[in-house]
Amino acid sequence: MFVAVPSPTWAAPANGDAQIIIVAPLTFINNEDLNFGRIIPAHVAGTVSISEKNKRTTTNGIVPVGNDYQAAQFAGLAAQDQRVRIRISPTVISLIGPGPAMIVDIFAIGPEASLAQIGNSPDYRVVRADGIFQFAVAARLHVGANQPAGTYSGSFTATLDYQ
């Protein structure tokens, strides 16, 4: 003979977050930070580069690990045909961590189809009729020989001048 015994049920609450950012005209926001990802350093100095198209390359035996790298991503709002000057400063930064500082240089701006560069200048024209634009910021990281493990961080500033 079998007797059915109900098993106890448990309920536990969990919280979630929700957020939104409203972008005002003639402003911009950072959607993603520049992230060189995880690497295994080599016995000689080398570099890790993130391109404007979000591709990662390494030199001198540095081994990239995983896919957690990212070019910085920004988005803004202006009027169609508005001119925007984009500048990155400083042009060389240090990433500080548990070992010797690592230098980041060769910052590059990669406009999406929503911006058209004007000549070779830092000036761009907003293409989309709704005025929404996006751009990426790429760079190169100099990794020391046998760079100690840990998290390294630094910062740069993107400045937009609406003209």
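Higher on the page you've got the structure.
Residues numbered from 1 in each chain as written. Predicted model: local features only at pLDDT ≥ 70, side-chain atom pairs only at ≥ 80, totals over all residues. Heavy atoms only, no water.

The strands making up a sheet associate through hydrogen bonds between their backbones, and the pairing can be parallel or antiparallel. Strand order across the open sheet formed by 4 strands is β10-β11-β7-β13, with antiparallel pairing between neighbours. At either margin of the open sheet sits one strand with a lone partner, and together these are β10 (115-117) and β13 (157-162). Direction aside, the axes of adjacent strands within the sheet are offset by 35 degrees on average. Sheet topology places β10 next to strand β11 (residues 123-126); 3 bridges connect them, and they run antiparallel. Paired with Gln117 across the bridge in β11 is Tyr124. (Pairing = 2+ DSSP bridges. Helix = DSSP H or I, 4+ residues; strand = E, 2+ residues; numbered from the N terminus. Axes fitted to C-alpha atoms, helices over the stretch in contact; angles between N-to-C directions.)

Moving on, we come to the pattern of salt bridges. Scanning the entire structure with this criterion turns up 7 salt bridges. For the salt bridge of Arg85 with Asp123, the shortest nitrogen-to-oxygen distance reads 2.6 Å. Of this pair, Arg85 sits in strand β7 (residues 83-89) while Asp123 sits in strand β11; the two residues are 38 residues apart in sequence, bridging distant segments of the chain. Taking relative accessible area as the criterion, Arg85 reaches 30% and is therefore assigned partly exposed. Residues joined in a network through salt bridges with shared partners are Arg83, Arg85 and Asp123. (Salt bridge = Lys/Arg side-chain N within 4 Å of Asp/Glu carboxyl O. Buried < 20%, exposed > 50% of the residue type's maximum accessible area, 1.4 Å probe, protein only.)

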